[in-house]
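# Structural characterization, general
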Protein chains: 2
Amino acid sequence: MKFFHTADWHLGKLVQGVYMTEDQAYVLNQFVQAVEEEKPDAVIIAGDLYDRAVPPTEAVHLLDEVLERIVIELKTPVLAVAGNHDSPGRLHFGSSLMKSNGYHIVGNFSKEIEHVVLEDEHGKVHFHLVPYTDPSVVRTAFEDEEIKTHNDATRKIVEQIQSNSSSNERHVYIGHAFVTPFGEEEENTSDSERPLSIGGAEYVDAHHFSSFQYTALGHLHQAHQVLQENIRYSGSILKYSISEESHRKGFFIVEMDQEGEVTIEKRELKPRRDIRTVEAKMEELLEHPVNEDYVFVRLLDEAPVLSPMEKVRSVYPNAMHVERKNVISLVSGSDSDARTNRTKMSDVDLFRAFYKEIKGIDVTVETENLFKEVLDELLRKDNETTDAEKKEYVRN
Amino acid sequence: MKFFHTADWHLGKLVQGVYMTEDQAYVLNQFVQAVEEEKPDAVIIAGDLYDRAVPPTEAVHLLDEVLERIVIELKTPVLAVAGNHDSPGRLHFGSSLMKSNGYHIVGNFSKEIEHVVLEDEHGKVHFHLVPYTDPSVVRTAFEDEEIKTHNDATRKIVEQIQSNSSSNERHVYIGHAFVTPFGEEEENTSDSERPLSIGGAEYVDAHHFSSFQYTALGHLHQAHQVLQENIRYSGSILKYSISEESHRKGFFIVEMDQEGEVTIEKRELKPRRDIRTVEAKMEELLEHPVNEDYVFVRLLDEAPVLSPMEKVRSVYPNAMHVERKNVISLVSGSDSDARTNRTKMSDVDLFRAFYKEIKGIDVTVETENLFKEVLDELLRKDNETTDAEKKEYVRN
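Residues numbered from 1 in each chain as written. Chains lettered and ligands numbered in written order. Predicted model: local features only at pLDDT ≥ 70, side-chain atom pairs only at ≥ 80, totals over all residues. Heavy atoms only, no water.

## With respect to the relation of the copies chain B and chain A
Using the following cut-off: To line up the copies, we fit them by least squares on C-alpha atoms, keeping just the residues with pLDDT of at least 70 in both.
Of the transformation placing chain B onto chain A, the axial shift is 0.0 Å and the rotation is 180°, giving an RMSD of 0.2 Å. Such a combination of rotation and displacement between the chain copies is what one expects of a two-fold axis. Relative to the rotation axis, the closest C-alpha in chain B is found at M98 of chain B, a distance of 2.7 Å.

## Brief notes about the nonpolar core
Threshold: Residue types Ala, Val, Leu, Ile, Met, Phe, Trp, Tyr and Cys, when buried and joined through side-chain atoms within 4.5 Å, form a set referred to as a nonpolar core. Relative accessibility decides the category of a residue: with a 1.4 Å probe and only protein chains considered, values under 20% of the type maximum give buried, values over 50% give exposed, and everything between is partly exposed. Throughout, a residue-residue contact means that at least one pair of heavy atoms, one from each residue, lies within 4.5 Å.
With 84 residues, the main nonpolar core has F31 and Y103 of chain A together with F31 and Y103 of chain B as its most contacted residues. Residues in contact with Y103 of chain B, not counting those within four places in the same chain, are L97 of chain A together with L49, L67, V71, V78, A80, S95 and M98 of chain B. Grouped together as the second largest cluster of nonpolar side chains are 23 residues, F109, V138, V179 and F209 of chain B included.

## Regarding the interface of chain B and chain A
Stated precisely, the cut-off is as follows: Accessible surface is computed with a 1.4 Å probe, and the buried area is the amount of it that two parts give up when combined, taken over both parts together. In what follows, salt bridge is the name for a side-chain nitrogen of Lys or Arg lying within 4 Å of a carboxyl oxygen of Asp or Glu. Under this definition, polar contacts are N or O atom pairs within 3.5 Å; protein pairs additionally need one hydrogen-donor-capable and one acceptor-capable atom, and for neighbouring residues in sequence, both atoms have to be side-chain atoms. Helix numbers and strand numbers start at the N terminus; a helix is a DSSP run of H or I with at least 4 residues, a strand a run of E with at least 2. Asp, Glu, Lys and Arg are counted as charged, while Ala, Val, Leu, Ile, Met, Phe, Trp, Tyr, Cys and Pro are counted as nonpolar; the rest, among them Gly, fall into the polar class.
Contact with chain B, which involves 27 residues of that partner, is made by 27 residues of chain A. When chain B packs against chain A, the two sides together hide about 2100 Å² of surface, and 63% of this comes from carbon and sulfur. Linking chain B to chain A there are zero salt bridges. Counting across the chain B and chain A interface gives 10 residue pairs in polar contact (both at pLDDT 80 or more). Taken together, the elements giving at least two residues each to the side of chain B that touches chain A come down to α2 (57–73), α3 (88–92) and α4 (95–98) of chain B. Examining the composition of the side of chain B that touches chain A, we find that nine residues originate from one element, α2 of chain B, more than from any other. In terms of residue class, the side of chain B that touches chain A is built from 13 nonpolar, 11 polar and three charged.

## With respect to the pairing of strand β19 (residues 321–324) of chain B
Residues and elements named next belong to chain B. Put simply, the rule is: A strand pair is defined by DSSP finding two or more bridges across the two strands. With the strands aimed away from the viewer, a crossover counts as right-handed if its path from the first strand over the helix to the second runs clockwise.
Neither face of β19 is open: one carries H321 and E323, the other V322 and R324, and all of them are buried. Pairing of strand β18 (residues 294–299) with β19, which is carried by four bridges, proceeds in the parallel orientation. Within β19, the residue paired with F296 across the bridge is H321. The parallel pair β18 and β19, bridged by helix α8 (residues 308–313), forms a crossover whose chirality is right-handed.

## Describing the packing of helix α1 (residues 21–38) of chain B against α2 of chain B
Residue and element names in this part refer to chain B. We apply this condition: Axis definition: a line fitted to C-alpha atoms, limited for helices to the stretch in contact. Angles are taken between N-to-C directions and run from 0 to 180 degrees. Our angle categories are set so that under 35 degrees counts as roughly parallel, over 145 as roughly antiparallel, 65 to 115 as roughly perpendicular, and the remainder as oblique.
Direction vectors running N to C along α1 and α2 enclose 5°, while the axes themselves pass 10 Å from each other. Relative to α2, α1 is oriented roughly parallel. For the pair α1 and α2, the contacting residues are T21, Q24, A25, L28, N29, F31, V32 and V35 in the first and E58, L62, V66, R69 and I70 in the second. Of the residues belonging to the contact of α1 with α2, the class tally is eight nonpolar, three polar and two charged.

## Quick word on the environment of H115 of chain B
Residues and elements named next belong to chain B. In this structure, H115 sits in strand β7 (residues 114–120). Given the relative accessible area of 38%, H115 is considered partly exposed. Not counting residues up to four positions away in its chain, the partners in contact with H115 are H126, F127 and H128. Polar contacts involving the side chain of H115 include one to the side chain of H126, which spans 2.7 Å.

## Thoughts on the pairing of strand β4 (residues 42–45) of chain B
All names here are of chain B. Here β4 shows no split at all, with A42 and I44 on one side and V43 and I45 on the other all buried. Where strand β1 (residues 2–6) lies against β4, four bridges are found, and the strand directions are parallel. Bridged to F4 within β4 is V43. A crossover connection joins β4 to the parallel strand β5 (residues 78–81) through α2; in handedness this β-α-β unit is right-handed.

## What to know about the confidence of the model for chain A
Residue and element names in this part refer to chain A. Using the following cut-off: What pLDDT expresses is the predictor's confidence in each residue, scored from 0 to 100.
The pLDDT averaged across chain A works out to 87; a share of 87% of its residues lies at or above 70. Throughout residues 185–199 the model reports pLDDT below 50, and contacts reaching past four residues in sequence, or to other chains, amount to 14 contacts. Within the model, pLDDT remains below 50 along residues 329–335, and this stretch shows 11 contacts once partners closer than five positions in the same chain are excluded.

## Comments concerning the side chain of S234 of chain A
Residue and element names in this part refer to chain A. Relative to the helices and strands, S234 resides in the loop between β14 (228–233) and β15 (250–256). A distance of 3.1 Å separates the side chain of S234 from the backbone nitrogen of A7, its partner in a polar contact. If near-sequence neighbours (up to four positions away) are discounted, S234 is found in contact with H5, T6, A7, L217, A223, G250 and F252.

## Looking at the sheet that holds strand β15 (residues 250–256) of chain B
All names here are of chain B. An order of β6-β5-β4-β1-β15-β16 is seen for the six strands of this open sheet, with the pairing classed as mixed. Single-partner strands in this sheet number two, and they are β6 (103–106) and β16 (262–268). The sheet shows a mean angle of 20° between the axes of neighbouring strands, direction not considered. Taken together, the four bridges between β5 and β6 define a ladder with parallel strand orientation. Bridge pairing in β6 links L79 to H104.

## As for the packing of aromatic side chains
We count it as follows: Geometry of aromatic contacts follows a simple scheme: Phe, Tyr and Trp rings, the Trp one being its six-membered ring, pair when their centres are within 6.5 Å, and the pair is stacked under 30 degrees between planes, edge-to-face over 60, tilted otherwise. Note on criteria: charge over ring means Lys NZ or Arg CZ within 6 Å of the ring centre, with the direction from the centre no more than 35 degrees off the ring normal.
On inspection of all chains with the given rule, the structure shows 22 aromatic pairs over all chains. Ring geometry for F3 of chain A and F127 of chain A: centres 5.5 Å apart, planes at 85°, overall edge-to-face. With F3 of chain A in strand β1 (residues 2–6) and F127 of chain A in strand β8 (residues 123–129), this residue pair connects regions lying 124 residues apart in the sequence. Here F3 of chain A falls in the buried class, since its relative accessible area comes to 0%. Ring plane angle 35° and centroid distance 4.9 Å describe the contact between F4 of chain B and F251 of chain B, whose orientation is recorded as tilted. Here F251 of chain B lies in strand β15 and F4 of chain B lies in strand β1, a separation of 247 residues in the sequence. Relative accessible area serves as the criterion here: at 0%, F4 of chain B is assigned to the buried category. Across from the ring centre of F252 of chain A, 4.7 Å away, lies the NZ or CZ of R232 of chain A, which sits over that ring.

## What about a nonpolar patch on the surface?
Residues and elements named next belong to chain A. As a reminder, the rule being used: Candidates for patches are residues over 30% relative accessible area with no salt bridge; among them, like charges are joined within 9 Å and nonpolar side chains (Val, Leu, Ile, Met, Phe, Trp, Tyr) within 5 Å. Methods summary: accessible areas were calculated by the Shrake-Rupley approach with a probe of 1.4 Å, and residue burial reflects only the protein chains presented.
Side chains of L370, V374 and L378 sit close together on the surface and give an oily, nonpolar patch of about 260 Å² of accessible area. With respect to the helices and strands, L378 occurs in helix α11 (residues 365–381). Assessed through its relative accessible area of 38%, L378 is described here as partly exposed.

## A word on the environment of L28 of chain A
Residue and element names in this part refer to chain A. In this structure, L28 sits in helix α1 (residues 21–38). Sequence separation of L28 and K270 is 242 residues, and the distance between their C-alpha atoms is 10.0 Å. If we skip the residues at most four places from it in the chain, L28 touches W9, L11, L62, V66 and I237.

Structure (structure tokens):
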């Protein structure tokens, strides 16, 4: 039995205001070609097919086209679940009309866990399709008041699957959740390795999945295994943020033998345009060859640069962001924290910060004294205004 | 060959702020029962399945459930096209995955007109599925600059169908358009019967369809035939406005013989709650038995009634609108025209209109004189304000 494991397509995604639809079509084309060449028995999509509940029609078209190629033309079943970005109800539409053709989509949670059986020469493999669901929905479905967290919900779902399953056959879990290698009782054992379990209600203990021959997960964008070799995130098909710069995006080709042992190959997808950081002085940067990547530029110039984005785009026409190293972003980024702090700063502190932001270096004592003199003079001249108004005046 | 012809479901429709979803489920349940009893060879839905491009999830669920019952449980093919209220792309999703199961949905226009063939003991019947489309889309698809109106587009589409069709077999056209019995050259023959052709670019000449054995139309909410017995609107499944009060809603059961001759039976759908007008004095109305219908109440009282909606709802809990006969609406309705006119009225005219609105009868000369006296007195007293301000004052 051979299947592909992918997830987090996020069709309809905007990155820094740019629609990724063409980039998605580009890598999904490679994905479909791989289906054609490798002839897997099934393709798993572990949630977040779309980036939002009501995706743009271009995204709807793209999914329709990709599914048509895989399911109709290549006659390869697709097993997909809704992720937290998908609308359960909208994604579910037509599920009963499409499944006999091989597109198995579970959007809405039901306590009768949807289950698809595929066979190879060694017997059956059971694929259990569990969409992302709020714990309250699982609580209501099972009428079990003890279900409060995602972890509780998953424990119940796995119990339900196991109670209806033959342990002599092979089982694959398909889910979309925040799975960590730490059980509740172990939560305090290691301070340095628990970042994912912080927050409590969101995380799901990977131990629940230990009896499955393979667990195909979606939600986290970096491909990795959790706890065991056979519990895995495939990661997203594209970098969707500069924080994913170092990721190597792709999907898994999983081969399962008659014992349920898996061998896993990672197949990379080549993006139409990479998302990456460029660090350089403007002068050097302008000598680079023209490049179409979605670059985030960090300028190393000490002096301020006029119209930096305009200059950068003469070399990187798809540049998404420009900033100066060690200074507050010039072009984008949320700085509401910085704003809040500024309202608490003294006039001289504000000047120091402003000087550093613009010049990139600390203000000298001489310059700071000069500023204080000018400020005092201004404040004296302005003797008809109230103190509060003075402060306003200096600040604006 | 027997098929049902329905259209204009408008799932997700709000009437006067009330979601019609339960009412739609109620009549669609009767529709599905009729499919079960009558066992037609196909069900035609001639557009406007949804009321808007992004319908609420409840509407998506309802369509999914109805299609599952008709197509999967009752194994009856459904042939549907997008109407002007549907999103072509969203409705089209999954069309290639669902058609082999019997759900044929055409959302996006393509110059290769989608065409479904069903057979009976006499041979083939060809169903041609033409979604609502802007003429510019048809112009681009056929690269024909002459296509400017819906009529031009339909002429081209019918030519295209006929050029690929055998005239020895039977053909059914499924479309969503504003079809009238008047050809262009006849446009000036009858002033009294041309209301539908006013506007020009919207209307489609029914003569285009004369070669089809049946034309199943959607768009107009009243069931009727156009030009010929076999060119028909099924009308909507429910009354969606008080202007549709007199309509008898339902669908057609069409039986086609080997010659392509049709016999048509209209089957009515019984609404959960009727939409109708109630005319009465408040006193009489309060003696009516409690009734769940969506009534539009016209009060015949000459004197104004306090809290009319509250009183009406003690008898008609789902009342949608209350007004007094011959006066401007008390509760709802757009009166922006009236507002505009009021700004041009003199103070005395305004008083006359106000009096009539509240009392339901014209003001007497005595009362009008009394008003003038009081107004003059007020204006004299108010001698420090400017003219403009006076006017404002009197008006508010």
